[in-house]
Structure formats: structure tokens, C-alpha cells
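Commentary on secondary and tertiary structure
What follows is each chain in one-letter form.
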Amino acid sequence: MLNLSCRNAHIIAIGNEKGGTGKSTIAMHLLVSLEQRGLRVGAIDLDARQQSLARYLHNRAAYAEHHGNCFQIPNHQVVAPSASADVGERERDEAERLDAALEHLDASSDFIVIDCPGGSTHLALRAHALADTLLTPLNDSFVDLDLLGRVNPDTYAVEQLSCYADAVWEGRKLRNLSGLPALDWVVCRNRTSTIFSKNRERVDQALTSLQKRLAFRYLPGLSERVIYRELFPKGLTLMDLTKVRDGPKLTLSHVAARHEFRTLVNDLRLPGWND
Ligand SMILES: Nc1ncnc2c1ncn2[C@@H]1O[C@H](COP(=O)(O)OP(=O)(O)OP(=O)(O)O)[C@@H](O)[C@H]1O
Ligand SMILES: [Mg+2]
């Protein structure tokens, strides 16, 4: 059962068992978007090994200090897996760690963004059950889609649900049993090519057919843009480019990328976002 004692903040988990789909990049952009809207944000990085989100925030703090920018750096915590060899004890320990991190951030946050690691971990599964909104980015590829559903090699119709779909289902069941409101699951594609391809169309069709079956909202998501890879060392996001003097020069491609990201956030229908 899930029994968090305080629940002020809306919890957004960015999750996908598949690695490298843009979870940490999107988590950082989401945090900055919310913060720039005047909303209070907290962050939890569940990838204690890579710590991509924590490192991104660290780079942002260093940039702000060096350049005299008054960025707000969200309160954030890295929650590490338990080292216990006993499975039951490990699960209890991890549940306590994640719940404690959430409770610590809850009172000072309107939103808590949890960046989940790739792979299936107990911490990530609990984050999926605790999330009010789950955003799952996936690359524009049947290799990524295979974690949601398996497709027929000739017709590309989805024939069988797979492991990540099952994991989200388990999270939903746990929420339901605990009396929490239903999860809003949003799936978006990331790094889509701006050039038309048969593959892109087929992935689109497969996701469209899966959205009813798995009860997620399918959003177009983000195109492939080099700028996402360049911003990390400075801790900047697309949302900062007009606000800093010495960041990358704003191009039309950056403006288009920023528009795509804003559209994604609008379509998440987060409480307080459109007020
Ligand atoms: N829209 C995009 N266009 C171009 N590159 C992108 C885009 N989104 C993410 N990337 C790049 O893709 C790589 C993977 O992104 P990221 O680390 O955010 O994924 P992840 O899902 O958090 O990975 P992991 O599962 O390892 O935690 C990074 O190099 C990132 O800069
Ligand atoms: Mg990551």
C-alpha cells in the first residue's frame, strides 16, 4: 500500500524502462518551464549512478554563480538503491527512502519531478505508482516500442503487450488499492526526424492503436535537435536562451524546438499551468 502522509505537490514521474529516451533532458526542461511559470518545483533523481539530472542542476548552479544569473535551483535529492541483500528488506528500505525524499520536498513544492532510471528497479516502480502524471518519452523506433507492445512483422499491428506496459499497470493497481486518484499516463515520441519516413508513420500508427488499449494519452513530442545535447555543460535549457547573454545564439531551429517543448507541457494539462 502507498501511504504518504503529506501530499501537497503534484508528482510527475518521467519514466521508461528503455534507456536513453530523453527522460533526464525532458525532466530538466520541465523543471525550468514550471519554475519560469512561477510554480515551485522540487526534483528527485533516482539514477544514483549516472545522476544526469542532479549533474544538470549542478551545472546550472555553477553557471549561475559564474555569470551572475539569478536562476532558482530547485531543491533536489538523489535517492540511491538499498544495498541490502534481502529482497524484502531492500524494498522496504527503498520505499522509505523515496517516501522520505518526497515528504521532504512536498511542503515547498507545487510539483515534484522524478527522473527515473532506465531498467526496472523497485525505486522506479514505486515512483510510477506514486506519480499523478507519468510522462514516457520514447525514441521513434520499434526497438523502443517493443517495451510497450510487440508488433506483427508484416502488418505492424500490436499483438501483445510487453514488460513496461505491465509495470505501469501494476503501478495503477497499487494506486487504486491505496485510494489515490487515477494516473494520467502520457506517452510522447522524442528525437523524431523532421523528414517523413515509413518507419515514423508506422510507429505513429502503432502508438495510436495502443493508446486506447493501455489508457495513455499519446502526444507528438520532440524532434531531433542538436541543441538538446549542447546545453548540458552550462546547465541551460531551451527556455533560457533569450534570458542569458553568453549562451548559444538563438536560431530558428531553437525557437521551433522551444515551441515544441511548450506545446508538450501545455498538453500535459498540469494543475495550475493554464490558470
Ligand atoms: N530531442 C532531442 N534531440 C537530440 N538529442 C536529444 C533529444 N533528447 C535527448 N537527447 C540526447 O539523447 C541522449 C539521451 O538523453 P537522456 O540522457 O536525457 O536520456 P535518458 O532517458 O535520461 O537516459 P537514461 O535511460 O540513460 O537515464 C542525450 O545525449 C541527450 O542529450
Ligand atoms: Mg536519465
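So, a few notes on the structure that sits alongside this text. (Residues numbered from 1 in each chain as written. Chains lettered and ligands numbered in written order. Predicted model: local features only at pLDDT ≥ 70, side-chain atom pairs only at ≥ 80, totals over all residues. Heavy atoms only, no water.)

One pass over the full model with this rule turns up 5 aromatic pairs. Judged by centre distance (5.2 Å) and plane angle (70°), the ring pair of Trp185 and Phe216 falls under edge-to-face. Here the residue Trp185 occupies a position in strand S8 (residues 184-190), and Phe216 occupies one in the loop between helix H7 (198-214) and strand S9 (217-219), the gap between them amounting to 31 residues. For Phe216, a relative accessible area of 5% translates into the label buried. Through a chain of ring-to-ring contacts, three or more aromatic side chains come together here, namely Tyr164, Trp185 and Phe216. Note that Arg37 overlies the ring of Trp273, its terminal NZ or CZ placed 3.9 Å from the centroid. Stacked on the ring of Phe71, the Lys or Arg Arg60 has its end atom at 3.9 Å from the ring centre. (Phe/Tyr/Trp six-rings, centres within 6.5 Å; stacked < 30°, edge-to-face > 60°. Helix = DSSP H or I, 4+ residues; strand = E, 2+ residues; numbered from the N terminus. Buried < 20%, exposed > 50% of the residue type's maximum accessible area, 1.4 Å probe, protein only. Lys NZ or Arg CZ within 6 Å of the ring centre and 35° of its normal.)

Attention now moves to the site of ligand 1. Around ligand 1, 17 residues are found, and the nearest of them are Thr21, Lys23, Ser24, Thr25 and Asn190. Take Thr21: an N or O atom from its main chain is 2.9 Å from an oxygen atom of ligand 1. Ser223 places a main-chain nitrogen or oxygen 2.9 Å from a nitrogen atom of ligand 1. Protein contact buries 83% of the 640 Å² of open area that ligand 1 shows by itself. At the level of secondary structure, the elements contributing two or more residues to the shell around ligand 1 comprise helix H1 (23-36) and helix H8 (227-230). Counting residues per element, the shell around ligand 1 draws most heavily on H1, which supplies 3 residues. Its residues assigned to classes, the shell around ligand 1 comprises 1 nonpolar, 10 polar and 6 charged. (Near = heavy atom within 4 Å. Polar contact = N/O pair within 3.5 Å; in protein donor to acceptor, adjacent residues only side chain to side chain. Areas by Shrake-Rupley, 256 points an atom, 1.4 Å probe, with all protein chains shown as cover. Nonpolar A, V, L, I, M, F, W, Y, C, P; charged D, E, K, R; others polar.)

This part is about the sheet that holds strand S3 (residues 75-78). Sheet strands associate in pairs through backbone hydrogen bonding, adopting either a parallel or an antiparallel arrangement. One open sheet accounts for 7 strands, arranged S3-S2-S4-S1-S5-S8-S9; its pairing is parallel. Strands with a single pairing partner mark the edges of an open sheet, and in this sheet they are S3 and S9. Neighbour-to-neighbour, the strand axes of the sheet open up by a mean angle of 20°, direction not taken into account. Relative to strand S4 (residues 111-115), strand S2 (residues 41-45) is paired through 5 bridges, and the arrangement is parallel. (Pairing = 2+ DSSP bridges. Axes fitted to C-alpha atoms, helices over the stretch in contact; angles between N-to-C directions.)

Let's shift gears to the packing of H1 against helix H2 (residues 52-67). The N-to-C vectors of H1 and H2 enclose an angle of 45°; their axes lie 9 Å apart at closest approach. The orientation of H1 with respect to H2, classified from their angle, is oblique. Crossing geometry of H1 relative to H2 is assigned as right-handed. Residues Ser24, Ala27, Met28, His29, Leu31 and Val32 of H1 lie in contact with H2, whose contacting residues are Ser52, Leu53, Tyr56, Leu57 and Arg60. Broken down by class, the residue content of the contact of H1 with H2 amounts to 7 nonpolar, 3 polar and 1 charged. (Parallel < 35°, antiparallel > 145°, perpendicular 65-115°, else oblique. Left-handed = near helix turned anticlockwise from the far one by under 90°. Contact = heavy atoms within 4.5 Å.)

Coordinates in, geometry out; function isn't part of it.
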